[in-house]
Amino acid sequence: MTEPAPRGRAAGRPKRPPTIHDVAAVAGVSRGTVSRVLQGGHNVSPASQQAVEAAIAELGYVVNRAARSLVTQRSGSVAFLLTEPQERFFEDPNFTTLLRGCTAALAEHDIPLLLMTAGDDAERRRVTRYLAAGHVDGVLLVSSHRGNPMIEHLREADIPMVCCGRPLGQRGRVPYVAADDREGAKDLVRHLLESGRTKVATIAGPQDTPGGVERLSGYREVLAEYGLPVDERLIAAGDYSRAGGEAAMRELLLREPELDAVFVASDLMADGALSALGHAGRRVPEDVAVGGFDDSPVALGTRPPLTTIRQPWDRISAEMVRLLLARIAGEEAPTVILPTELVVRGSA
């Protein structure tokens, strides 16, 4: 003999998922209080917050993001927008490290992160249409070259954004988070000179990027600080890729075979420089000392391990997310510049 179906529910019909009204009833608070807890807990007493959280856990309540977005006019998501070709994302470990940190920081607020790339005009048009349609609440903009059109597209669409690194030509117009590139470069170059090196070259980053500009400036300033002339033959340009670093190192060796140290503006380029030095029969650090910048996973995989400048990636990620959430909430977001750290290993 089968039992009758519970009153108010047809036999075999699955139990409906709990609603915000159910959470309010179990917690003994109003629906508005539950809503404020779900929005971040503003103007909610600690006792009510605890009661609502306990009710959510007891009932297994899951936020209906689609319904929430109709009320708040927000999507509940954020974009991580890399303005580089897709292959750069997979080659350069800095991007994946930053993405992982931003994802973790947003997870604390239950906000998903969308990875997007805009490395050419066609991608920029598609991405701009998508973002302008309101599919995200804000953008974490990564790798901003001078004149990057995405900044103006986002500004025109009134989409909150925060840049990783100082956006060149946008003084005071866009909030950003950056490591102190110039001081980090100065620390590395001083280390090379104080270890007894006399012909210190540099492989600079692209001069349409903030890191490229600031790290080269740091190199020049330390030479002046030590009373040394800046020899333009000891400066080569790279593009932050391994191949670019290797090509630049070969160029420097042709120009000045007697160089005995090189400051490279990224670990990935430094890995390429080490390869070029090995092919040229130069020992590191005995013949040529090599220093990089980033302290990415690449730095531990080189032979010898790379002396470099550590960027505080976890703090950069957390600060970018903090500033973006402030901008989404309509608040001002100041610029944040974080200190770097010299990490001495076997290459210098």
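Residues numbered from 1 in each chain as written. Predicted model: local features only at pLDDT ≥ 70, side-chain atom pairs only at ≥ 80, totals over all residues. Heavy atoms only, no water.

1. Remarks on the overall build of the chain
No. 1: Assigned secondary structure in the chain consists of 14 helices and twelve strands.
No. 2: With 348 residues in all, the chain has 50% of them scored as buried.
No. 3: Of the contacts made within the chain by residues no fewer than 6 positions apart, 69% connect residues no fewer than 24 positions apart.
No. 4: Carbon and sulfur atoms provide 52% of the accessible area of the chain, an area that totals close to 17100 Å². (Helix = DSSP H or I, 4+ residues; strand = E, 2+ residues; numbered from the N terminus. Buried < 20%, exposed > 50% of the residue type's maximum accessible area, 1.4 Å probe, protein only. Contact = heavy atoms within 4.5 Å. Areas by Shrake-Rupley, 256 points an atom, 1.4 Å probe, with all protein chains shown as cover.)

2. Quick word on helix α12 (residues 267–279)
No. 1: Over its 13 residues, α12 runs 19 Å from end to end, which matches the ideal 18 Å to within 8%, given 1.5 Å per residue.
No. 2: Across the 13 residues that make up α12, a large majority, ten, are buried.
No. 3: If you check which residues of α12 are buried, you get Asp267, Leu268, Met269, Ala270, Asp271, Gly272, Ala273, Leu274, Ala276 and Leu277.
No. 4: Looking one or two residues past α12, Gly281 carries a phi angle of roughly 80°, positive in sign. (Expected span 1.5 Å × (residues − 1).)

3. Structural notes on the sheet that holds strand β8 (residues 261–264)
No. 1: Across the sheet, four strands lie side by side as β7-β6-β8-β9; this open sheet has parallel pairing. The sheet terminates laterally at β7 (235–237) and β9 (289–291), the two strands that pair on one side only. Strand-to-strand twist of the sheet, defined as the mean angle between neighbouring strand axes without regard to direction, takes the value 15°.
No. 2: Sheet analysis places strand β6 (residues 200–204) next to β8, joined by four bridges and oriented parallel. (Pairing = 2+ DSSP bridges. Axes fitted to C-alpha atoms, helices over the stretch in contact; angles between N-to-C directions.)

4. Points about unusual backbone geometry
Residues apart from glycine generally show negative phi values, whereas peptide bonds are mostly found in trans.
No. 1: With omega at 10°, the peptide bond leading from Val284 into Pro285 counts as cis.
No. 2: As for its position among the elements, Pro285 is in the loop between α12 and β9.
No. 3: A cis geometry characterises the amide bond from Arg303 onward to Pro304, with omega recorded as 0°.
No. 4: In this fold, Pro304 is placed in the loop between α13 (298–301) and β10 (308–310).
No. 5: Of note, Asp110 is a non-glycine position whose phi angle comes to about 60°, a positive value.
No. 6: Here Asp110 falls in the partly exposed class, since its relative accessible area comes to 48%.
No. 7: Even without glycine at this site, Asp295 takes up a positive phi of about 55°.
No. 8: Of note, Asp295 is situated in the loop between β9 and α13.
No. 9: You can call Asp295 buried: its relative accessible area is 15%.

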